[in-house]
Amino acid sequence: MTSSLIAREPSSARIKRFLERYRTHEAVDMNNVDYNDIEAILYEYFQRIDEMFFFKLLTREIQGVSKPRKLVAIKTHEVPDANILGLFDQNHDRIEIWLNRLRTFETYPLEHFICVLAHEMVHAYIGIFADERHDMHDEWVNDHCGHGTMFWKLLGYILDRLFELTGSERVWEQICEEESARRAFSRKPRCFLT
Ligand SMILES: [Zn+2]
């Protein structure tokens, strides 16, 4: 992480561009945005966060079965799920994100999507690139349904930098509150973001 773009060049044009785009999108009510446009916005932040923190590894092009594809894809869901906001499907190298709130069906705000994206991108990065044979793999990666110490270290770094840049830490508090409410609602403790 110390050699990522945001650490090396925090004042670079690409970081400034991220903030400009964020200032534009944070003022947008996602409920008034077409589904295809929300997908495009999500994909834009996927690429920008990848560039800023993951050396463009997740969005790099690789050879697929019949044609080139991005290393990690994104799939969105319009129908809410009671237990999940996002996941990384390691079998398909795919991040999945749920767009709408459970009862009201409102679309989540941009800051929420960025938090979920960052969370799932850390899962993707660790899932694809971590050494499973390492002695500490369970503690660093596998514990708590894949939320080991390495996971929180990376996610904490990313969110801290994004909060500093955008000044939006209150949104993460909201997400944590929702998570607690859902866990209390669900009899079986499950990963809220898997
Ligand atoms: Zn998770």
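As shown above, the structure is provided for reference.
Residues numbered from 1 in each chain as written. Predicted model: local features only at pLDDT ≥ 70, side-chain atom pairs only at ≥ 80, totals over all residues.

K.L.:
I'd like to hear about the overall build of the protein, residue by residue, with values.
P.N.:
Along its length, the protein carries 7 helices and 5 strands. Order of helices (α) and strands (β) in the protein, N terminus to C terminus: α-α-α-β-β-β-β-β-α-α-α-α. Sequence-distant contacts in the protein: of pairs separated by 6 or more residues, those separated by 24 or more amount to 54%. (Helix = DSSP H or I, 4+ residues; strand = E, 2+ residues; numbered from the N terminus. Contact = placed C-beta atoms within 7 Å.)

K.L.:
How would you summarise the packing of helix α4 (residues 110–129) against helix α6 (residues 149–166) if you had to cite specific residues and measurements?
P.N.:
Two measures define how a pair of helices packs: the angle their axes make with one another and the distance between the axes. The geometry of α4 relative to α6 is characterised by a closest axis approach of 10 Å and an angle of 140° between their N-to-C directions. Crossing of α4 over α6 shows right-handed handedness. Only M150, F151, L154, L155, I158, L159 and L162 of α6 make contact with α4, whose side of the interface consists of I114, C115, A118, H119, V122 and I126. Here the contact of α4 with α6 is built from residues that sort into 12 nonpolar, 1 polar and no charged. (Axes fitted to C-alpha atoms, helices over the stretch in contact; angles between N-to-C directions. Left-handed = near helix turned anticlockwise from the far one by under 90°. Nonpolar A, V, L, I, M, F, W, Y, C, P; charged D, E, K, R; others polar.)

K.L.:
Can you lay out the pairing of strand β4 (residues 86–89) for me, pointing to particular residues and giving the numbers?
P.N.:
As paired strands, β4 and strand β5 (residues 94–98) are joined by 4 bridges and run antiparallel to one another. Opposite F88, over in β5, you have I95 as the bridge partner. Hairpin connection, β4 to β5: the antiparallel pair is bridged by 4 residues, and D93 has positive phi, about 45°. (Pairing = 2+ DSSP bridges.)

K.L.:
I'd like a description of the sheet that holds β4, backed by residues and values.
P.N.:
The mixed open sheet is built from 3 strands, whose spatial order is β3-β5-β4. Strand pairing shows two members of the sheet lacking a second neighbour, β3 (73–77) and β4, which therefore form its edges. Along the sheet, successive strands turn relative to each other by an average axial angle of 20°, direction set aside. As paired strands, β3 and β5 are joined by 5 bridges and run parallel to one another. In the strand pairing of β5, I74 is matched with I95. Contacts between helix α3 (residues 35–53) and the sheet are confined to β3 and β5, with β3 contributing the most and set at about 145° to the helix. Sheet contacts for α4: β4 and β5; angle to β4, the most-contacted strand, approximately 20°.

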